[in-house]
Structure formats: structure tokens, C-alpha cells
Amino acid sequence: MVDREIQALVAYALDTGLIEPCERLWAVNALLEALGLDSYTEPETPAERPVDLPAVLGALMDDAHARGVLQEDSVVYRDLFDTKLMGVLTPRPAQVIGKFRALCAESPEKATDWYYRFSQDTNYIRRDRIAKDVKWVAPTEYGDLDITINLSKPEKDPKAIAAARNLPASAYPRCQLCAENEGYAGRVNHPARENHRIVPITINGSPWFLQYSPYVYYNEHCICLNSEHVPMKIDRACFAKLLDFVGQFPHYFVGSNADLPIVGGSILAHDHFQGGHYTFAMEKAPVETPFTFPDYEDVKAGIVKWPMSVVRLTAADPARLIDLADKLLLSWRGYTDEAAFVFAETDGEPHNTITPIARRRGSDYELDLVLRNNITTEEHPLGVYHPHAELHHIKKENIGLIEVMGLAVLPARLKEELAAVADALASGADLRGDERTEKHADWAEGFRAKYAITADNALDIVEKETGLVFAQVLEHAGVYKRTAEGKAAFLRFLEQV
């Protein structure tokens, strides 16, 4: 019997405030139903504190599988099942919204502090998985870049993939961001969300929702999502929404992925922003070339010292930033400079857009506008302003908002591969003789002679050099290169705005 684990799970819910003491017996009975059990005997000794949530959930799932209640003992099915258990203990949406609004009336920061902790306590954000992510800081000429190897997203197992093929097509929820995910039981091709709660907010007069990313790449990694399933769009209203959000939550930054393929985010079909309580390297980067726009002398502006092409605008009045940002965007959308290989469109396909990021700088409002272009060529079929082929051994994926700001989200394969590269460099093994290191051989041989590599320092060196590759990735994604010619071309664009 799993009476001890049920007792511990209820104790956890009480300790974290998910349930009140008067709800203890109700919680036991609700868990019994979810587990397919019909009786319970309270253990004589109290549950140990603090409760080890992953261990308790793991034991309950092992027992459920042994009894045939949990169909398959694999990560996708276990995630569906333990989310169901946590959903039993998660307060109803009205309770969550009421608590958030009450705290927000005291302080927006109090409200987000509580909501972020709540999203972890419900196991919507799985603390144990996030802790497995590999993270380090890499010094570069652009400041300290953040590097993370993402291990918190579970990989699908073969049985779940096969089962998903046999499911009828479903347009519910329409995507993983839609509001109808709240409380959804999930299926093998869509994550369970019984323990997921979203908070309604109003941005620039329109209804949106606030939630957190289950994969938190940085502190308090939040997502703001449009209440309607409408495509991403960078326009004047987008700038107004971003600045309104940081007006309401001045301790958070917020930004939007661009609205074109290659340079955009992974979910272009649903309008959303990402934000959080974190200072990225790009925010710390200074303006190295001040620039004054005619009729906007009250707006501090300039080119940021950053590998990508960033115009920073700062002013006390957000309306002035909205006006100037819109002017810049409209100009960039239609801008062509063949000498700089900037084309607004080819064969009717638009190429120019912007990745915008908003924050407060003291009492001022600030917008960073990152110029993006998604043109492709035979030489660079994935994008001219995208990591080039020689860097794909480290980073091949799109450069979205998070990377733009200076945080590399690298694939899980690199944890083992970079460790293998370090071992080979320390031992003198043949980098081309191992499939894990073969793709990295040219790169590793290129920096090997710079260092006296030992078993003790090899991984640190590999991580440092990985950070330098990420800086190169961002340079490749920059429309205007950091050369005399690139700066002159950048200024040509600004001067004609």
C-alpha cells in the first residue's frame, strides 16, 4: 500500500499552501480516486519534512503501474499521471486569480514572487528537472554571456510517439500557449496541464494572460499570451503593449520574438511575449554610438555595443518611444541597401523585421530594437543572418529573443559531447575517432594550442570556448557587422529614418 506516500503528498500540499487544513480529508479522497484506490489508513507517524516531492510522486507512479492503473512506465505517460495527481491538489483558477490580484494591489513584485513560487509548488515548473540544466557564464568582449544546456524538456519515448500517430487529429488546445491549456489533462502528443494556472491581465486595453514557462531558462521566466489565438505581429500596438507591461510590472523586462520565420520564435502562430526578473548581458551593454533623431531630441538613442544590430531608445514618456519605434520599424520594413546586403524583400517575400525588448531604467522607459533580416542564399540556406554552417556543431537552431539578449539555449546532446571533447583534449585522444567529438574536431583543434590543457581544466576551457562560439553565433545573426563598413551602413539606415 502507498498510504505513507499519500500522507506525504497531502503534507506537502499543506506545507506549500496548496490546500488548507480543513481540506486534508478531501485531498486524501481525491488522490485515492486518481490512483484507482478505495481505502486508506493514516500512518501513525507524521510524514517527514520537508517532503521530497519527486520521490513521493515516483513511488506513487511505480505502484500505479504495478497495479495497471498507469499504462506505460515511460516519461511521457508518467508526466501525464503525476500532473493528474498534482492537479487534484492545485487550487481552482478563481482562488489563484484572487490571491494574485490581492497581492498586486500591495505590490506587483509581491504578486509575481508568490505566483512564481506557486507555479513551482504545483510542480508545473519541475524544480528537479530545472536543477539538471547545465549552466555557466562565459566572458567575451560583449560582457559575460549566459550559456545553458537544456535538459529539463523531456524527450519523447518511442511508445508515446507510436501512440500519437494513432490519435485522431485534434485542434484542442489549438497550441501550447492557448488559454484552454489551463487544467487540460493532456495526451501523449500534448502535455498535461491540470496543475497549470494563468492570471488575466490587461495590456494596452486588450485581454491577455500571464504565466510562467515550465522550462524557466532564467529567473522568473514568464510568458504573456494574447487571450486570442492570433499570429505574432511586430507593430505599433506591440510596442505599446510591451511598454504598458513594464509600466505595470516595473521589476520585469519583456520582449517579443520577431514575426518572421528563421529570425522568429518557435510559436509564431500565437501572439505572446517573454519576460522575467533577470538582467541579461545585452541590458548591461552600453550605447557606444549615440544618435539623435530629428524631432525626438527628448529620446536618448544610439547603437549598442552588441554583436547584433541594436538601437536603444530611452525616455521618460513611453508615448514618445512608441512613436519613434514605430517610425523605425516602418522604415526598416521597407529598407534596402544592396551594398550592405540588406533587402526588404525578394520575389515578394518580406525579410526585415525587429525583435523588441522593453524595460524600465529607473523612472525611464527603455526599448531595445534589434534589426533582423531572414534572407537566405545558396551558400546560407538557413539564413544569411543566422549561425553559419561552421558553428552548427554548437548551435544550429533559430536565434530567438532569449539568445538575442545573451543567453544561449543549447541542445541536450552537448552535455555529453562537450565532456567527451574535454576528455579527448586532456588525454590526447583522436577527436575524429569518436562520433561524439568528430563534429567538434576542427573547432577543438583550432583552440587546443592556446592552452596547457589538463584533466582538471579541460572542461572549463571547452566551456569558455563554447561561449566564444556563441558570441560568433550572435555576430552572424547581426545584420550590420562590427566593422567600419558595417557601422557606416548602420548609420546610413538611421540617418534616413
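Quick caveat: nothing in here was measured; it's all calculated off a predicted structure.

1. Things to note about the sheet that holds strand β13 (residues 352-361)
The strands making up a sheet associate through backbone hydrogen bonding, with each pair oriented either parallel or antiparallel.
1) Next: Taking strand neighbours across the sheet as the criterion, the ten strands line up as β3-β4-β5-β7-β6-β13-β14-β10-β9-β8 in an open arrangement whose pairing is antiparallel. Both outer strands of the open sheet, β3 (199-203) and β8 (287-290), are each paired with one neighbouring strand and no more. Within this sheet the neighbouring strands show an average axis-to-axis angle of 30°, counted without direction.
2) Next: Pairing analysis gives four bridges linking strand β5 (residues 222-226) to strand β7 (residues 272-276), with the strands arranged antiparallel. Across the sheet, the residue bridging to cysteine 224 is phenylalanine 273, located in β7.
3) Next: The sheet strands contacting helix α9 (residues 236-248) are β3, β4 (206-212), β5, β6 (253-255), β7, β13 and β14 (364-373), and the helix crosses β13 at an angle near 20°.

2. Focus on helix α2 (residues 24-35)
1) Next: Between its first and last C-alpha, α2 extends 17 Å over twelve residues, near the 16 Å set by a 1.5 Å rise per residue.
2) Next: Of the residues making up α2, those classed as buried are Ala27, Val28, Ala30, Leu31, Leu32, Ala34 and Leu35.
3) Next: Here the buried face of α2 lies against α1 (3-15), α3 (53-66) and α4 (75-89).

3. Some words on empty space enclosed by the protein
1) Next: Going through the model one piece at a time under the given rule, you end up with one cavity of 30 Å³ or more.
2) Next: The volume enclosed by the largest cavity comes to roughly 40 Å³.
3) Next: Lining the largest cavity we find Phe253, Tyr278, Phe280, Glu283, Ile357, Arg359 and Met405.
4) Next: Looking at the lining of the largest cavity residue by residue, the class counts come to five nonpolar, no polar and two charged.

4. Observations concerning the nonpolar core
1) Next: Counting residues in each nonpolar core, the largest one holds 104 residues, and the members touching the most others are Phe245, Leu313 and Tyr480.
2) Next: The element contributing the most residues to this core is α4, with eight residues.
3) Next: Contacts of leucine 313, omitting those with residues within four sequence positions, involve Phe293, Val299, Lys300, Ala301, Leu321, Leu324, Ala325, Leu328, Tyr365, Glu366, Leu367 and Leu369.
4) Next: Core analysis: the second largest hydrophobic core is formed by 51 residues, Trp306, Ile357, Ala444 and Val462 among them.

5. Comments concerning the pattern of salt bridges
One side chain can pair with another of opposite charge once the charged atoms of both are near each other.
1) Next: In this structure the tally under the stated criterion is 32 salt bridges.
2) Next: Here aspartate 326 ties to arginine 236 by a salt bridge, and the two come within 3.5 Å at their closest N and O atoms. Placement of aspartate 326 in helix α11 (residues 318-333) and of arginine 236 in helix α9 is noted, with a sequence separation of 90 residues between them.
3) Next: The partner of lysine 439 in a salt bridge is glutamate 417, and the shortest N-O contact between them spans 3.0 Å. Within this pair, whereas lysine 439 is found in the loop between α14 (435-438) and α15 (441-448), its partner glutamate 417 is found in helix α13 (residues 413-427), the two being separated by 22 residues in sequence.

6. Here we look at the layout of surface pockets
1) Next: By volume, the second largest pocket amounts to about 260 Å³.
2) Next: For the second largest pocket, the lining is made up of 14 residues, of which Gly17, Leu18, Glu20, Pro91 and Trp114 are closest to its centre.
3) Next: Where the lining of the second largest pocket is concerned, the elements lending two or more residues are α5 (93-106) and α6 (108-121).
4) Next: Considering every element that reaches the lining of the second largest pocket, the biggest residue donor is α6, with four residues.
5) Next: Of the residues that constitute the lining of the second largest pocket, the class distribution is six nonpolar, three polar and five charged.

Reading the values: the criteria
Residue indices follow the written sequence of each chain, beginning from 1 at its first position. For this predicted model, a pLDDT threshold of at least 70 governs which residues receive local features, and a threshold of 80 or more governs which side-chain atom pairs are given and counted, while totals over whole chains, interfaces and linings are taken from all residues. Side-chain measures here rest on the full set of heavy atoms in the structure, leaving out hydrogens and waters. Here, strands pair whenever DSSP counts at least two bridges between them. Helix and strand definitions here come from DSSP, where helices need a minimum of 4 consecutive H or I residues and strands a minimum of 2 consecutive E residues; each element is numbered from the N-terminal end. Simply put, an axis is a line fit to the C-alpha atoms, just over the touching stretch for a helix, and the angle between two N-to-C directions goes from 0 to 180 degrees. Here a residue-residue contact requires only that any non-hydrogen atoms of the pair lie within 4.5 Å. A helix is expected to span 1.5 Å multiplied by its residue count minus one. Only protein chains enter the accessibility calculation, which uses a 1.4 Å probe; a residue whose area is less than 20% of its type maximum is buried, one above 50% is exposed, and one in between is partly exposed. Residues are called lining when one of their atoms sits within 4 Å of a cavity or pocket point, these points coming from a 1 Å grid over the protein atoms alone, where a cavity is a set in which a 1.4 Å probe fits but cannot get out and a pocket is an open set with protein on both sides within 12 Å along at least five of seven lines. Grid points are joined across faces, edges and corners, and a volume is the space filled by probe spheres set on the points. Throughout, the ten residues Ala, Val, Leu, Ile, Met, Phe, Trp, Tyr, Cys and Pro are labelled nonpolar, Asp, Glu, Lys and Arg are labelled charged, and all others, Gly among them, are labelled polar. Here, nonpolar core means buried Ala, Val, Leu, Ile, Met, Phe, Trp, Tyr and Cys residues that are tied together by side-chain atoms lying within 4.5 Å of each other. For salt bridges, the criterion is a side-chain nitrogen of Lys or Arg within 4 Å of an Asp or Glu carboxyl oxygen.

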